[in-house]
Amino acid sequence: MSVRPLSAVLLSCLSLAAWAETPHWAYEGAHGAAHWAEIDKSYSECKLGHAQSPIDIRTAKVDKNAPALEFAYQPKPLALVNNGHTVQVNEAGAGTLTIGGHVYQLAQFHFHTPSEERIKGKPYDLVAHFVHKDEAGKLAVVAVLFKVGKENTALKPVLDNMPIAAGPEHSVAGVSVNPADLLPARLGYYHFMGSLTTPPCSEGVSWYVLTTPVELSRAQLAEFRTLYQHNARPVQPLNGREVTERL
Ligand SMILES: [Zn+2]
C-alpha cells in the first residue's frame, strides 16, 4: 500500500479543482475504481458496461489476416500535461496510425504504473497508451508495455520535463520528441474491443496491445513513480470477448 503525504494529495486536488471541470475520481479510497460509477451519472458505464478495459490477456487466437499497424509518426515539440491522474504528452499533428486502410490521428500518449494490461495474470512495470482518433471520433489505443532493464533514451525528455503538480499544458522550449522512438521494433499485437480505462469508461475503443515490450531503467520507473505510484484500473471481466493476435 502506497501512501502519499496528505499535503501533496490536497495540493493536487486543489490545483486540479482550479482548472479541471470533471468530477473528482481517484485510484484508491472512496473515489477509487470500485466507486467511479457512483461519483457522477456520466460515469455509469464504468459499472454497467460489458466490454470494459483493461483486461487480463490469457488466451488469444492467432489471426493470419490481422492487418499490420502502420505508424507514420514524426517529431513534435514537447507539450506535457499533468492532469492529476497521469502525465500526458499532447501529440496533435504528430502523425497517423493506419490499420487496414483506416486512418487515425495520434492525439496523445500517457502512462500507467503498473501496466493496466495483464498478460497471463502478470502486469508489466509501466505502460504507455497511444490514443488515436479517426474522422468519426472513434478511438484506437496502442499499448506499449515497459519492463525494467536498460535506460530508455526516448523516454528521458518526457520524464525530465514532467510537471510536478496538476495543471494546464506545459510546453518545453527547444525539446522535440518523436513518438515513434518509443515503439518496439516488432509490431505484433493483441487486439480486442474495450473502453477508456478512466471515467467515463466509454466503450467502442479498439485496443492494440503490442506483444513485444520495451525497457526503461529502474531509476526511470522511480522517477515516474515520484508523481504517480499507482495509477492503474483493475482488470475487467472479458464477458465473452475474443482476443485476437497478429504475430
Ligand atoms: Zn491509459
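It should be noted that the structure appears before, not after, this text.
The rules behind these values
- Residues numbered from 1 in each chain as written.
- Predicted model: local features only at pLDDT ≥ 70, side-chain atom pairs only at ≥ 80, totals over all residues.
- Heavy atoms only, no water.
- Helix = DSSP H or I, 4+ residues; strand = E, 2+ residues; numbered from the N terminus.
- Buried < 20%, exposed > 50% of the residue type's maximum accessible area, 1.4 Å probe, protein only.
- Contact = heavy atoms within 4.5 Å.
- Areas by Shrake-Rupley, 256 points an atom, 1.4 Å probe, with all protein chains shown as cover.
- Lys, Arg positive; Asp, Glu negative; His and termini not counted.
- Charge placed at Lys NZ, Arg CZ, Asp CG, Glu CD.
- Donors = N, O, S within 2.8 Å, 3.2 Å for Na, K, Ca; no water.
- Pairing = 2+ DSSP bridges.
- Core = buried A, V, L, I, M, F, W, Y, C linked by side-chain atoms within 4.5 Å.
- Disulfide = S-S within 2.5 Å.

J.: When you look at the overall build of the protein chain in this model, what are you seeing that I'm missing?
T.: The number of helices and strands found in the protein chain is 5 helices and 16 strands. Considering only C-alpha atoms, the protein chain reaches an extent of 55 × 45 × 35 Å along its principal axes. Going through the 247 residues of the protein chain one by one, you find that 49% of them count as buried. For the protein chain, the proportion of contacts with a sequence separation of at least 24, taken over those separated by at least 6, is 67%. Roughly 12,000 Å² of accessible area belongs to the protein chain as shown, and the carbon and sulfur atoms make up 56% of that amount. Of the side chains in the protein chain, 21 bear a positive and 23 a negative charge, and the two mean positions are spaced by 6 Å.

J.: Help me understand the coordination of the zinc ion, please; the structure alone is not making it clear to me.
T.: Within the protein, His110 (NE2), His112 (NE2) and His129 (ND1) serve as the donor atoms for the zinc ion, at 2.0 to 2.1 Å. Here the donor residues of the zinc ion share one chain and are spaced in sequence as H-x1-H-x16-H. With His110 in strand E7 (residues 102-112) and His129 in strand E10 (residues 126-133), the pair connects residues that are 19 residues apart, well separated along the chain. A relative accessible area of 11% places His110 in the buried class. A relative accessible area of 1% means that His129 is categorised as buried.

J.: What is the right way to look at the pairing of strand E6 (residues 95-99) in this model?
T.: Both faces of the sheet carry side chains from a regular strand, because those side chains alternate between them. Most of E6 is tucked away: 5 of the 5 residues are buried. The two faces of E6 match: Gly95, Leu97 and Ile99 on one face and Thr96 and Thr98 on the other face are all buried. In terms of strand pairing, strand E3 (residues 69-73) meets E6 through 5 bridges, oriented antiparallel. The residue of E6 that forms the bridge with Ala72 is Thr96. When E6 meets E7, the two strands line up antiparallel, connected through 4 bridges. If you follow Thr96 over to E7, its bridge partner there is Gln105.

J.: Looking at this structure, how should I read the nonpolar core?
T.: Soluble globular proteins tend to bury their nonpolar side chains together. If you look at the biggest cluster of nonpolar residues, it comprises 40 residues, and the most contacted ones within it are Phe130 and Phe146. Apart from the residues lying within four places of it in its own chain, the contact partners of Phe130 are Tyr73, Leu106, Gln108, Phe109, Ala140, Val141, Val142, Val144, Pro179 and Leu182. Formed by 16 residues, the second largest nonpolar core is a distinct cluster that contains Ile55, Tyr190, Phe192 and Val243.

J.: So what exactly am I meant to see when it comes to the state of the cysteines here?
T.: Disulfides are covalent bonds that link the sulfur atoms of two cysteine residues. As enumerated under the stated definition, the model contains 1 disulfide in all. Disulfide pairing is shown between Cys46 and Cys201; the S-S distance is 2.1 Å. Classification of the bridge connecting Cys46 and Cys201 rests on its S-S torsion, roughly 90 degrees, and on that basis the disulfide is right-handed. Remark: Cys201 occurs in the loop between strand E13 (189-195) and strand E14 (203-210) and Cys46 occurs in helix H3 (residues 45-48); sequence separation between them is 155 residues.

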